[in-house]
Amino acid sequence: MTRHLIKFSFRALRRQGGYVAINVLGLAIGLACSLVIALFIIHELSYDKYHEDKDRIYRLGLHGIMSGQEIRAAYMAPPVGPAMANEFPEVEHFLRMSIWDETIVQVDDRFFIENHFSLADSSFFEFFSIPLLRGNKHRVLTEPFSVVLTETAAARIFGDEDPMDRMMRVGGMPEDFRVTGIMEDIPKNTHFNVGMVGSFTSSQQAHSEQWLSNNYLTYLKLYPGSDPAVVESRFEDLIMKYVGPQVQQLMGISVEDFLAMGNRYNYFMQPLLSIHLDPSVEHHHQPPGDPKYLWIFGAVGLLILVIASINFMNLSTAQATKRAREVGMKKVIGSSRSMLITQFISETVLLAFLALFVAVLMVEASLPLFNHVLSLHLSLSYLSAWYIIPGMLLLAIAVGLLAGSYPAFYLSSFNPATVLKGKANGKQNTRLRLGLTVLQFAISIILISSSVIMYRQLMYMTNKDLGFDKENILVVRRAYVLEGQVDAFKTELERIPGVVSVSSSTAIPGRSNNTNGYTIRGRQDESYLMTTFWVDYDFLETFGMNMADGRFFDPELLTDQQAGIVNASTVRNYHLDDPFGTRIVTAGTEPEVVPLIGVIEDFHFTSLRYTIAPVILLYKHEDMHWGYVSIRYEADQIRRVLEETEKTWGSFTSSEPMLHYFMDDDFNRLYSEEEQNAQLSVIFTILAIVIASMGLYGLTAFSLQQRIKEIGVRKTFGAGISNIWYLVCKEVMLLVGGATLIAWPLVYWVAGNWLQNYHYRIAMRPSDFLAGFVIAVLIALATISYRVIRTASINPSISLRYE
């Protein structure tokens, strides 16, 4: 039975010729898009799932509120992990990590740049299932200044030499590290990325008892069967015991009074498997993904499959008259309706499997380019998980059933007496075909308009006035290497032709690194969070910022070195009615009183997703070696300035490599996720339009074939090619117009909700909606025009004889 069914299905498909090719190609593109989106979603959902004890591992986070400023971050103080392991019976192990940015590694007289160096406790390999190729996982990180390299890092630095027990200098650490182990490379689907792991005991902070200095990642592994809610219920007592005395010492108030003011200070536990897709928790090393984009692209994949399926339905039902006699004959010789339905659905499923084969070839061919353009790491590994191949087969079957169900029921409903007399004209389902075509265009318009809005938001973020000039600034990292020579280094740089100004600071826009608590004299019962920049006299000029009131630091006034400058947000949020009469008080055992001498205009130092937070600028004294040296240069002197800066750096640092970047490129990295998702949206929108256009072309070709006699009659009575073209295009325009009325409210709702994720965002405008309509019209007209003109050009004497 099945063998005969397949044979009949293949014969029927051969008879349909070109329409089968259009259907297969449309389904193949739809399936290819869905496969890529599925790979993207699977990749995002697979983070950290390979760890053996993943269900027992939690990352600690800090949730604090001070003066209305909320922070929810994955940074903890050094003693938190050890204290919880000692005092909470549910905690089996703790792990602290500190992940650095680009770091210089020196082996003998050779220098290397390591992008991701980390310090970690000896329990690192107890938490994360990363195979250790050489060394004992229980001992490789126990001794201070021990380091484990990944395979790639070991090969890059030591080549064919044996790296074990070799010594290497890392960053500004006081002693050399000894290589004690080699591990496999960290899998890409891990929420952190490191190339080297040094022992945490190498840091002076390993035994720190400072509970208010939150700078480290901290993880807990619970004993099997332990309830994380019970652990979290113990946090308040732990904070009262250890944090309370230090709050009293630093701020002069009890922690109870601090909390009674409406402030908050507590810890929370984040399950390991939720880390990558939880953007609510701040973590600068490897920003998390956003689950809303999984929903967005999942919906896009489904819509593209719907468009491809609609193509099939339209073309199949449009050809009803061609298959009517076949249906009538089969019913006469005894075929039941259920048998015909089974045959037609089998044909569609066969086409879906053929389309799946073509889709896999498309994905295999395009995935490398796709990964390169979008900086992804997707791969179609058929045996990497048990569900890959069954999932692909089920997807093909589902698409076959979706696309073939209505045509099967419609074709099998023909009355044999009617169709064998040649009275089946296929017009009964015209209204449905038009409805499905409208739905196709509506989906296309939604995708087009949404992509336009997404790109406009991206362009807005990358081109908005940031309150400073990010162009033509070269930033040199690792200023601590210069030690006490920062001012001398600046002086030498200022002599380079093309250099406009040079500034030294502990933080710069896009790289802020200190948020501190302050009090205000006269308001000692309240605490205020401010992002702190320690800057020199040239900071304002170098970054092209403007003062809103008062003045900047003046080198002629030594008292300015004890003064401060706040941004306009500080004045507004903290209600500083008289900024220049305000005295800011620093926290600490020896608090300092800081008079304010100026108010700087607001400038963006983080992504435009977030509002501008209060900022205070303090003077950077000579003993503060860490931070950045920023160089503003003339646009046409970039090469010369870079070369001379590297030479000058080498003369000050014994030829150590200079780590640098350009401010505009670095600031734009804050929007890498938006850029990636906008590119994905455009790609899938274009493919959806291609599928819809193929269906429209096929449907138009069939419709014109049915109307050849009508066109011949119209031409006989004087209609020209332009008249015929206008007649057909008017019908298509009406369809696009109807689709637009459906699409626009949905675009407004979807895009409006998406834009709510950004504090600084565009306002939707009529052109965003018109763009979808205009592009859909132009594509529709371009798709059908050739076919219409070709058909309208047929001699009436030929078209009137057409059967």
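Criteria and cut-off values
Residues numbered from 1 in each chain as written. Predicted model: local features only at pLDDT ≥ 70, side-chain atom pairs only at ≥ 80, totals over all residues. Heavy atoms only, no water. Helix = DSSP H or I, 4+ residues; strand = E, 2+ residues; numbered from the N terminus. Buried < 20%, exposed > 50% of the residue type's maximum accessible area, 1.4 Å probe, protein only. Contact = heavy atoms within 4.5 Å. Areas by Shrake-Rupley, 256 points an atom, 1.4 Å probe, with all protein chains shown as cover. Lys, Arg positive; Asp, Glu negative; His and termini not counted. Charge placed at Lys NZ, Arg CZ, Asp CG, Glu CD. Core = buried A, V, L, I, M, F, W, Y, C linked by side-chain atoms within 4.5 Å. pLDDT = per-residue confidence, 0-100. Axes fitted to C-alpha atoms, helices over the stretch in contact; angles between N-to-C directions. Parallel < 35°, antiparallel > 145°, perpendicular 65-115°, else oblique. Left-handed = near helix turned anticlockwise from the far one by under 90°. Nonpolar A, V, L, I, M, F, W, Y, C, P; charged D, E, K, R; others polar. Salt bridge = Lys/Arg side-chain N within 4 Å of Asp/Glu carboxyl O. 1 Å grid on protein atoms, 1.4 Å probe; cavity = no way out; pocket = protein on both sides within 12 Å on 5 of 7 lines; lining within 4 Å. Points joined across faces, edges and corners; volume = space filled by probe spheres on them.

**Quick word on the overall build of the protein**
Here is step 1 of the chain: Counting its secondary structure elements, the protein contains 24 helices and 24 strands.
Here is step 2 of the chain: If you line up the protein on its principal axes, its C-alpha atoms span 105 × 60 × 55 Å.
Here is step 3 of the chain: Within the protein, buried positions represent 53% of all 803 residues.
Here is step 4 of the chain: Considering only residue pairs separated by 6 or more positions, the protein has 80% of its internal contacts joining residues 24 or more positions apart.
Here is step 5 of the chain: When the accessible area of the protein is evaluated, it comes to approximately 36,100 Å², of which 57% is carbon and sulfur surface.
Here is step 6 of the chain: One finds the centroid of the 66 positive side-chain charges in the protein at a distance of 22 Å from the centroid of its 79 negative side-chain charges.

**Examining unusual backbone geometry**
Here is step 1 of the chain: Of note, D165 is a non-glycine position whose phi angle comes to about 70°, a positive value.
Here is step 2 of the chain: A positive phi angle, near 50°, is found at E483, a position not held by glycine.
Here is step 3 of the chain: Topologically, E483 is positioned in the loop between β14 (473–476) and α15 (486–494).

**Considering the nonpolar core**
Here is step 1 of the chain: Judged by nonpolar contacts, the single largest core of 118 residues is most densely connected at F370, F533, L617 and F684.
Here is step 2 of the chain: Sort the elements by how many residues they give to this core and helix α2 (residues 18–45) lands first, with 15 residues.
Here is step 3 of the chain: Apart from the residues within four sequence positions on either side, F370 is in contact with V36, L376, L378, L680, I683 and F684.
Here is step 4 of the chain: Counting residues in each nonpolar core, the second largest holds 41 residues, with Y265, V594, L596 and M624 among its members.

**Let's talk about the confidence of the model for the protein**
Here is step 1 of the chain: Taken residue by residue, the protein gives an average pLDDT of 84. The fraction at 70 or more is 90%.
Here is step 2 of the chain: Put simply, helix α1 (residues 2–16) is where the protein has its lowest mean pLDDT, 46, and strand β8 (residues 146–150) is where it has its highest, 96.
Here is step 3 of the chain: Taken as a whole, residues 4–10 scores under 50 in pLDDT and shows ten contacts with residues more than four places along the chain or in a different chain.

**Description of the packing of α15 against helix α18 (residues 638–653)**
Here is step 1 of the chain: Following both chains from N to C, one finds α15 and α18 inclined at 150°, their axes separated by 10 Å at the closest point. In terms of their interaxial angle, α15 and α18 are classed as roughly antiparallel. Crossing geometry of α15 relative to α18 is assigned as right-handed. Of α18, the residues touching α15 (which contributes A488, F489, E492 and L493) are T645, T648, W649 and F652.
Here is step 2 of the chain: Split by residue class, the contact of α15 with α18 holds five nonpolar, two polar and one charged.

**As for the pattern of salt bridges**
Here is step 1 of the chain: According to the stated counting rule, one finds 26 salt bridges in the structure shown.
Here is step 2 of the chain: Put simply, D121 and R96 hold a salt bridge, and the shortest N to O gap is 2.9 Å. Placement of D121 in the loop between β6 (117–120) and α4 (124–127) and of R96 in strand β3 (residues 91–99) is noted, with a sequence separation of 25 residues between them. Assigned by exposure class, D121 and R96 land together as buried.
Here is step 3 of the chain: Salt-bridge contacts for R609 lead to E674; the nearest nitrogen and oxygen are separated by 2.4 Å. Of this pair, R609 sits in the loop between β21 (593–600) and β22 (615–619) while E674 sits in helix α20 (residues 672–706), and the two are 65 residues apart along the sequence.
Here is step 4 of the chain: Of the residues examined, R609 reaches a relative accessible area of 23% and is grouped as partly exposed.
Here is step 5 of the chain: Taken together, the shared-partner salt bridges in this structure form one network comprising D53, R56, E92 and K221.

**Focus: empty space enclosed by the protein**
Summary: where empty space remains is shown by rolling a probe the size of a single water molecule over the atoms.
Here is step 1 of the chain: According to the stated counting rule, one finds four cavities of 30 Å³ or more in the structure shown.
Here is step 2 of the chain: Here the second largest cavity defines a volume of roughly 90 Å³.
Here is step 3 of the chain: Q440, F441, S444, I689, A692, S693, L696, A776, I779, A780 and T783 are the residues that line the second largest cavity.
Here is step 4 of the chain: At the level of secondary structure, the elements contributing two or more residues to the lining of the second largest cavity comprise α14 (430–463), α20 and α23 (766–792).
Here is step 5 of the chain: Grouping the amino acids of the lining of the second largest cavity by side-chain chemistry returns seven nonpolar, four polar and no charged.

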